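Residues per chain are reported as follows:
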Amino acid sequence: MAPSNGPEKGKGAPRHVAIIMDGNGRWAQAQGKPRLFGHHAGAKRVREIVEACPDLGVKYLTIFAFSTENWKRTQTEVAGLMSLFRRYITKEARALRDEGVRVRFIGDRVRLDKKLVKLMDELEALTEENDRVHLTIALNYGGRDEVARATKRLAQDVALGRLDPDSVDEETLPKYLDTCVLPDPDLVIRTSGEARISNFLLWQSAYAEYEFIDTLWPDFTESVFAEIVDGFAGRERRFGAVLA
Ligand code: FPP
C-alpha cells in the first residue's frame, strides 16, 4: 500500500524528491573528455545525494538513470552506461545496505541484460529490510511505457474476472504502476538548464513542485541539494484546493 498523498501547507521537507540527472555529457565535453567520463562523475554524485537525504528530511529519493528513449544513443554510450550500472551496483551494494538505504528499481527489465537484472534483484533483496532512505533507480524507465504496462495488467485482471471495470477509478491505476509502493513525488528537480520532464513519472508528478536548475549533474553538490530542499519549505501546495 502506497503512503498517502494529501494537502499540506508549504511546510517541512519534501518527503519524496525525484531527480532528472541531466548534463553529464556536456560536463565531460566541456573538459574535452568523452561523455562516459561525465556519467562516471555523475555516478559519484549519487552517493553524496543519497547520504544527504536523512539530514534533510527526505525519505524517498527517485533518480532517472536510463530512459526508454536512451537506447537511441550510440552503442558505445549505451554499453558504457550498462557497464557503469553493473559496476555501481556491485561496488555500492554493501555500503547502501549498511547505511540503511532500501533500493528499488523501476522500469521495464525485459530489455536489460540478464546479468544486470540479476544484480538489481539481488540489491533489492539485500536492502529490503532497510527504511532509513528509500532510493528508487529508474532504469529503462519511461512514464508512458509504465502506464501502458500497467494498463495491460489491469486489462488482464478485468479479462480474468478479477477486477470489475465499473470499479476502476484514479485510485486503481497507481496500484499497477512500478511505483505502487511509493508516495507521489513532492518535488521534481532537473539539472542542466532544460525545462522539460522527458517522460519521467508522468502520472505520479501531477501535483509535484518542479525545480529546473542550470547546474550540470556532476556539479550537483549536497549544498545545492540542501538549498533546493530548503526552498521547497516555502512553497504553498494546494492540490487544487483553497487552503484556510
Ligand atoms: C543525462 O545526461 C544522464 C544520463 C542519461 C545518465 C544518468 C546516469 C548517471 C548519473 C550515472 C549513474 C547513475 C547510477 C544510478 C549509477 P546526458 O548524457 O543527457 O547529458 P547531456 O544532456 O549533457 O548530453
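The residue numbering used here restarts from 1 in each chain and proceeds along that chain's sequence as written. Confidence filtering applies because this is a predicted model: local features only for residues at pLDDT of at least 70, side-chain atom pairs given and counted only at 80 or more, and all residues used for totals across whole chains, interfaces and linings. Calculation of side-chain values draws on the structure's entire complement of heavy atoms; hydrogens and water are dropped beforehand.

Points about the layout of surface pockets
Using a grid of 1 Å spacing that covers the protein atoms alone, one calls a set of points a cavity when a 1.4 Å probe fits there but cannot get out, and a pocket when the set is open and has protein on both sides within 12 Å along at least five of seven lines; lining residues are those with an atom within 4 Å of a point. Grid points are joined across faces, edges and corners, and a volume is the space filled by probe spheres set on the points. Of the volumes computed, that of the second largest pocket is approximately 670 Å³. Around the second largest pocket sit 32 residues that line it, and Met21, Phe64, Ala65, Phe66 and Asn70 are the ones nearest its centre. Helix and strand definitions follow DSSP, with helices as H or I runs of at least four residues and strands as E runs of at least two, each counted in order from the N terminus. Elements represented by at least two residues in the lining of the second largest pocket include exactly α1 (24-29), α2 (35-56), β2 (60-67), α3 (75-98) and β4 (133-141). Only Asp, Glu, Lys and Arg are considered charged in this grouping, and only Ala, Val, Leu, Ile, Met, Phe, Trp, Tyr, Cys and Pro are considered nonpolar; every other residue, Gly among them, is considered polar. Looking at side-chain class alone, the lining of the second largest pocket contains 17 nonpolar, 8 polar and 7 charged residues.

Description of the site of the ligand
Any residue with at least one heavy atom within 4 Å of a molecule or strand is counted as near it. Neighbouring the ligand are 18 residues, the closest being Asp22, Gly25, Arg26, Arg35 and Arg73. Here an oxygen atom of the ligand and a side-chain polar atom of Asp22 are 3.0 Å apart. A 3.5 Å cut-off defines polar contacts: any pair of N or O atoms within that distance qualifies, except that in protein one atom must be a possible hydrogen donor and the other a possible acceptor, and neighbouring residues in sequence count only when both atoms are side-chain atoms. One nitrogen or oxygen atom from the side chain of Arg73 is found 2.8 Å from an oxygen atom belonging to the ligand. Each molecule is checked against the cavity or pocket grid, and it sits inside if more than half of its atoms lie within 2 Å of the grid points. Among the detected pockets, the ligand sits in the second largest pocket. For the shell around the ligand, the elements supplying multiple residues, two or more each, are α1, α2, β2 and α3. Sort the elements by how many residues they give to the shell around the ligand and α2 lands first, with 4 residues. Across the shell around the ligand, the residue classes tally to 8 nonpolar, 6 polar and 4 charged.

Purely geometric numbers; function is a separate question.
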